[in-house]
Amino acid sequence: MSRARRWAMWGGSIMLLLVACWPSASVAAAGGPVDDVQLQALGFPNDTLNGRSVSADYFLPGQGDYTLAPEGSYLDLVISGSELLDPTSILTVLWNGVPLADRPAPAGEVPETWRLPLPTDRIDPASNRLQVQGVLRVRGETCGDDQNPARHITIYRQTAVHYAYADRLPHPAPVTPDLSRYPWPFFQPASVTPPDVTFV
């Protein structure tokens, strides 16, 4: 058997395997769309943030091959904070790098739910980055008080994203097998940016 023929057979076998394993609508439809994604389902524990400047990053899956409704998706951020936080302490929530909302940090140990609408056009079907950033101040704080243990907030694992769907049927985008783009579509490109690191 000539070398050219062996290479042709090898390439054909790879293409057949790729087509056979290609993601299909039937596979996507088997489980149906996921309405709610909780941090605890992704393995995240309760997360207590300490310090003057705090930040937390989470990555959550999107809706996949399903079509979202024009509105109705939202984020439920379950949080609490130290009772000693000053009213000037602030929190900012970002979704895929774009601010969603700002508010004073919670000053109470009882968890509360902050519901934030999610614009449909900002939701990535594959992966979404949720960031919680804040500046925490303690009442009556003095210079050099950065290590005060009362300077904290907690993000609870019950924090969840709710997706509102236009319908319950998958609508996968048509794809043509192309070895030059491997490992797509098994791994989709996503905007994954490493968290910022602040040196003091």
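Here, every reference points to the structure presented above.
Engineer: Could you clarify how one ought to interpret the packing of aromatic side chains in this entry?
Structural biologist: Describing an aromatic ring pair means giving the distance of the ring centres and the angle of the ring planes. What the rule picks out here adds up to two aromatic pairs. Ring plane angle 85° and centroid distance 5.1 Å describe the contact between phenylalanine 44 and tyrosine 58, whose orientation is recorded as edge-to-face. Here phenylalanine 44 is found in the loop between β1 (36–38) and β2 (47–50), whereas its partner tyrosine 58 is found in strand β3 (residues 53–61), with 14 residues between them in sequence. Lying across the ring of tryptophan 114, arginine 103 places its NZ or CZ 5.2 Å from the centre. Across the ring face of tyrosine 74, the terminal group of arginine 115 is positioned such that the distance to the ring centre comes to 3.9 Å.

Engineer: I keep staring at the environment of tyrosine 165 and nothing clicks. Help me out?
Structural biologist: Structurally, tyrosine 165 is set in strand β12 (residues 165–170). On the accessibility criterion, tyrosine 165 (14% relative accessible area) is buried. Once residues within four sequence positions are removed from consideration, tyrosine 165 is found in contact with Pro33, Val34, Asp35, Gln63, Tyr66, Thr67, Leu68 and Ala69. Looking at tyrosine 165, its side chain comes within polar contact range of the main-chain oxygen of valine 34, at 2.5 Å.

Rules used throughout
- Residues numbered from 1 in each chain as written.
- Predicted model: local features only at pLDDT ≥ 70, side-chain atom pairs only at ≥ 80, totals over all residues.
- Heavy atoms only, no water.
- Phe/Tyr/Trp six-rings, centres within 6.5 Å; stacked < 30°, edge-to-face > 60°.
- Helix = DSSP H or I, 4+ residues; strand = E, 2+ residues; numbered from the N terminus.
- Lys NZ or Arg CZ within 6 Å of the ring centre and 35° of its normal.
- Buried < 20%, exposed > 50% of the residue type's maximum accessible area, 1.4 Å probe, protein only.
- Contact = heavy atoms within 4.5 Å.
- Polar contact = N/O pair within 3.5 Å; in protein donor to acceptor, adjacent residues only side chain to side chain.

Nothing here speaks to function; it is all geometry.
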